[in-house]
Amino acid sequence: MDSDKLDALLQRYWNCETTLEEEQLLRDYFSRQPVQDKYQEAAALFQYLEKQRSQQLKPVFDSNLKVRLRQPQGATGRIRFLVFNAMRIAAGVAVLLAAVYLVRQEIRHENPVAMEDTYTDPEQAFEETKKALMMISKGFGNAEQQVKKISVFNRAQEKVQGQPTELTKEISDNNGEQ
């Protein structure tokens, strides 16, 4: 491979723009022993990567690691396991509390609750309070009238159904006295 093509290919490799085929070309080129001096650093990198790719872990290592991770060893292992799980739970609770606190602070910041006097003149405040109480009083008066209408309706319903009402009881009591 000529030096210009190799320079362009290396530049594309360092910019992460090469294809898998181009990377294979670079690995093949640098796997050969005689490499120009200006490419020695790149050659060392590609040779190291190729060595790491061919190297494999022993299967015994994986199985030993899995056994140690799964089973706590003795009383100290169980204690360590419990402490580890308790720390995970505590960390989750701490994150949750921090989130709730920050959200509440944000809400308070956006909607500050401040009690202010809306009227500087006490007479004007008194008049507005009277108006508000009169509105409430009228509402109660209307509600009372509606309740009276309902009670008349209930009496009529009881009369139709033949049940004695308080009114008929009062009338019969008054007729008996006369």
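Residues numbered from 1 in each chain as written. Predicted model: local features only at pLDDT ≥ 70, side-chain atom pairs only at ≥ 80, totals over all residues. Heavy atoms only, no water.

Student: So what exactly am I meant to see when it comes to the side chain of R27 here?
Tutor: Considering the arrangement of structural elements, one finds R27 in helix α2 (residues 20-31). It turns out R27 is buried and unbridged, and the closest side chain with the opposite charge, E23, is 4.1 Å from it. Within polar-contact distance, the side chain of R27 engages the side chain of Q24 at 2.8 Å. If we ignore the near neighbours within four places in the chain, the residues touching R27 are F46, E50 and R53. (Helix = DSSP H or I, 4+ residues; strand = E, 2+ residues; numbered from the N terminus. Buried < 20%, exposed > 50% of the residue type's maximum accessible area, 1.4 Å probe, protein only. Lys, Arg positive; Asp, Glu negative; His and termini not counted. Salt bridge = Lys/Arg side-chain N within 4 Å of Asp/Glu carboxyl O. Polar contact = N/O pair within 3.5 Å; in protein donor to acceptor, adjacent residues only side chain to side chain. Contact = heavy atoms within 4.5 Å.)

Student: Just checking my understanding: could you explain the nonpolar core for this structure?
Tutor: Across soluble globular proteins, nonpolar side chains show a tendency to be buried alongside one another. By size, the foremost hydrophobic cluster in this structure holds 12 residues: L6, L9, L10, Y13, L26, Y29, F30, V35, Y39, A42, A43 and F46. Listing elements by their share of this core, those giving two or more residues are α1 (3-14), α2 and α3 (40-54). When residues no more than four places from it in sequence are discounted, the contact partners of F30 are L6, L10, V35, Y39, A42, A43, F46 and Q47. (Core = buried A, V, L, I, M, F, W, Y, C linked by side-chain atoms within 4.5 Å.)

Student: How do you make sense of the side chain of E22 when you look at a structure like this?
Tutor: Note that E22 resides in helix α2. The exposure class of E22 is buried, given its relative accessible area of 17%. In this structure the side chain of E22 is engaged in a polar contact, spanning 2.7 Å, whose partner is the side chain of R12. In this view, E22 contacts L9, R12 and E17; residues no more than four positions away in its chain are not counted.

Student: What is the right way to look at α2 in this model?
Tutor: One turn of an α-helix holds 3.6 residues; hence residues three or four places apart share an orientation. The terminal C-alpha atoms of α2 lie 16 Å apart, and with 12 residues this matches the ideal 16 Å at 1.5 Å per residue to within 8%. Inspection of α2 places E22, L26, R27, Y29 and F30 among the buried residues, and these make up the whole buried set. Along the axis of α2, the buried residues cluster in a sector spanning 165 degrees; they form a single face. Opposite the buried face of α2, by more than 90 degrees, sit the exposed residues L20 and E21. In this structure, the buried side of α2 is in contact with α1 and α3. (Expected span 1.5 Å × (residues − 1). Arc of directions from axis to C-beta.)

Student: Would you mind going over the packing of α2 against α3 with me for this structure?
Tutor: In a pair of packed helices, the angle between the axes and the distance between the axes together describe the arrangement. In contact at an axis separation of 9 Å, α2 and α3 are set at 105 degrees when each is read in the N-to-C sense. Relative to α3, α2 is oriented roughly perpendicular. Contacts between α2 and α3 involve L26, R27 and F30 from the first element and A42, A43, F46, Q47, E50 and R53 from the second. Partitioned by chemical class, the residues of the contact of α2 with α3 number five nonpolar, one polar and three charged. (Axes fitted to C-alpha atoms, helices over the stretch in contact; angles between N-to-C directions. Parallel < 35°, antiparallel > 145°, perpendicular 65-115°, else oblique. Nonpolar A, V, L, I, M, F, W, Y, C, P; charged D, E, K, R; others polar.)

Student: Looking at this model, I keep getting lost on the pattern of salt bridges. Mind explaining?
Tutor: Side-chain pairing between opposite charges can occur once the charged atoms of the two side chains come close. Tallying each qualifying case throughout the model produces four salt bridges. With its nearest N and O atoms 3.5 Å apart, the salt bridge here joins K38 to D7. On the criterion of sequence distance, the pair formed by K38 in the loop between α2 and α3 and D7 in helix α1 is long-range, its members being 31 residues apart. Its relative accessible area of 54% is what places K38 among the exposed residues. A relative accessible area of 32% places D7 in the partly exposed class. With a closest N to O distance of 3.4 Å, K131 and E128 form a salt bridge. Here K131 pairs with E128, and both are found in helix α6 (residues 122-161), just three residues apart, close to one helical turn. Overall, the relative accessible area of 31% leaves E128 in the partly exposed class.

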